[in-house]
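What follows is each chain in one-letter form.
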Amino acid sequence: MKEIMAIVRMSMINQTRKALTEMGVSSMTATDALGRGAGLVDMNLLKGAEQGYEEAISQLGQSNRLIPKRMIVIVSKDKHVDKIVKTIIKVNQTGKPGDGKIFVLPVAESISVRTAEDGDSTLDDL
């Protein structure tokens with residue numbers, strides 16, 4: 001089993017959820033997150049600078065503000081991880097900074113609270 005943790009743009013959560021659901025992933029958790037990557041560009045400042053706002057232009061490269069994102073967590077059988085990761089990338093990849101990150105981590109066990117069932121049987125079978 002693996003945990004797939006994806007950090008995506010706020011505006012992309014519905015498209016991402018829809019694509020994952022269409023491929024058979026019905027079990028996921030999504031939460032609000034704040035973060036930033038290695039770059040110092042706030043996309044709102046960049047948009048303002050492109051529109052000619054002096055205040056935005058003067059702040060470019062100086063912002064280390066945390067930007068609102070969404071974090072999606074999916075626990076999956078090992079055999080489905082590549083398909084899930086490729087789907088998340090396909091939906092979220094714009095080629096611009098801020099597209100997000102995906103982390104894949106090992107999971108030792110999965111247990112259903114309702115049934116006490118454990119192992120792969122507690123996970124989606126795509």
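Note that the coordinates shown come from a computational prediction; the quantities given were computed from them, not determined experimentally.

Student: Looking at this structure, how should I read the overall build of the protein chain?
Tutor: On a plain count of helices and strands, the protein chain comes out with four helices and four strands. For the protein chain, the sequential pattern of α-helices and β-strands runs β-α-β-α-α-β-α-β. Put simply, the protein chain has 126 residues, and 31% of those count as buried. Partitioning the contacts of the protein chain with sequence separation of at least 6, the portion at a separation of at least 24 is 79%. Put simply, the protein chain shows about 8300 Å² of open surface, and 53% of that area lies on carbon and sulfur atoms.

Student: Would you mind showing me how to read the sheet that holds strand S3 (residues 67-76) here?
Tutor: Two pairing modes exist for strands in a sheet, parallel and antiparallel, and in both the strands are linked by backbone hydrogen bonds. Taken in spatial order, the four strands make up an open sheet running S2-S3-S1-S4, and their pairing is antiparallel. Of all the strands in the sheet, just strand S2 (29-35) and strand S4 (101-106) have a single pairing partner and so form its edges. The sheet shows a mean angle of 25 degrees between the axes of neighbouring strands, direction not considered. Inspection of the sheet shows strand S1 (residues 2-9) paired to S3 by eight bridges, in the antiparallel sense. Paired with Glu-3 across the bridge in S3 is Val-75. Packed on one face of the sheet, helix H1 (residues 13-22) meets S1, S2 and S3 and runs near 10 degrees to S3. Docked against the sheet, helix H4 (residues 81-92) engages S1, S3 and S4, running at close to 0 degrees with respect to S1.

Student: Before we go on, may I ask you to explain the nonpolar core in this structure?
Tutor: Note that soluble globular proteins tend to have their nonpolar side chains buried in a common cluster. Within the largest apolar cluster, 13 residues are counted, with the highest numbers of intra-cluster contacts made by Ile-4, Leu-20, Val-25, Ile-72, Ile-74, Ile-84 and Ile-88. If you list the elements that add at least two residues to this core, you get S1, H1, S3 and H4. Looking at this core, the element that brings in the most residues is H4, giving four residues. Those residues within four positions of Ile-84 in sequence are excluded, and the remaining contacts are Ile-4, Leu-20, Met-23, Val-25, Ile-74, Ser-76 and Leu-126.

Student: Is there a simple way to think about the environment of Met-12 in this case?
Tutor: Along the chain, the position of Met-12 falls in the loop between S1 and H1. On the basis of relative accessible area, Met-12 is assigned to the buried category, the value being 15%. Distance in space between the C-alpha atoms of Met-12 and Val-91 is 7.8 Å, their sequence separation being 79 residues. Discounting residues that sit within four places of it in the chain, Met-12 has contacts with Val-91 and Asn-92.

Student: Could you clarify how one ought to interpret unusual backbone geometry in this entry?
Tutor: Leaving glycine aside, a negative phi is the common case for residues, and trans is the common case for peptide bonds. Residues other than glycine seldom take positive phi values, yet Ala-116 does so here, at roughly 65 degrees. As for its placement among the helices and strands, Ala-116 is situated in the segment after S4.

The rules we used
Residues numbered from 1 in each chain as written. Predicted model: local features only at pLDDT ≥ 70, side-chain atom pairs only at ≥ 80, totals over all residues. Heavy atoms only, no water. Helix = DSSP H or I, 4+ residues; strand = E, 2+ residues; numbered from the N terminus. Buried < 20%, exposed > 50% of the residue type's maximum accessible area, 1.4 Å probe, protein only. Contact = heavy atoms within 4.5 Å. Areas by Shrake-Rupley, 256 points an atom, 1.4 Å probe, with all protein chains shown as cover. Pairing = 2+ DSSP bridges. Axes fitted to C-alpha atoms, helices over the stretch in contact; angles between N-to-C directions. Core = buried A, V, L, I, M, F, W, Y, C linked by side-chain atoms within 4.5 Å.

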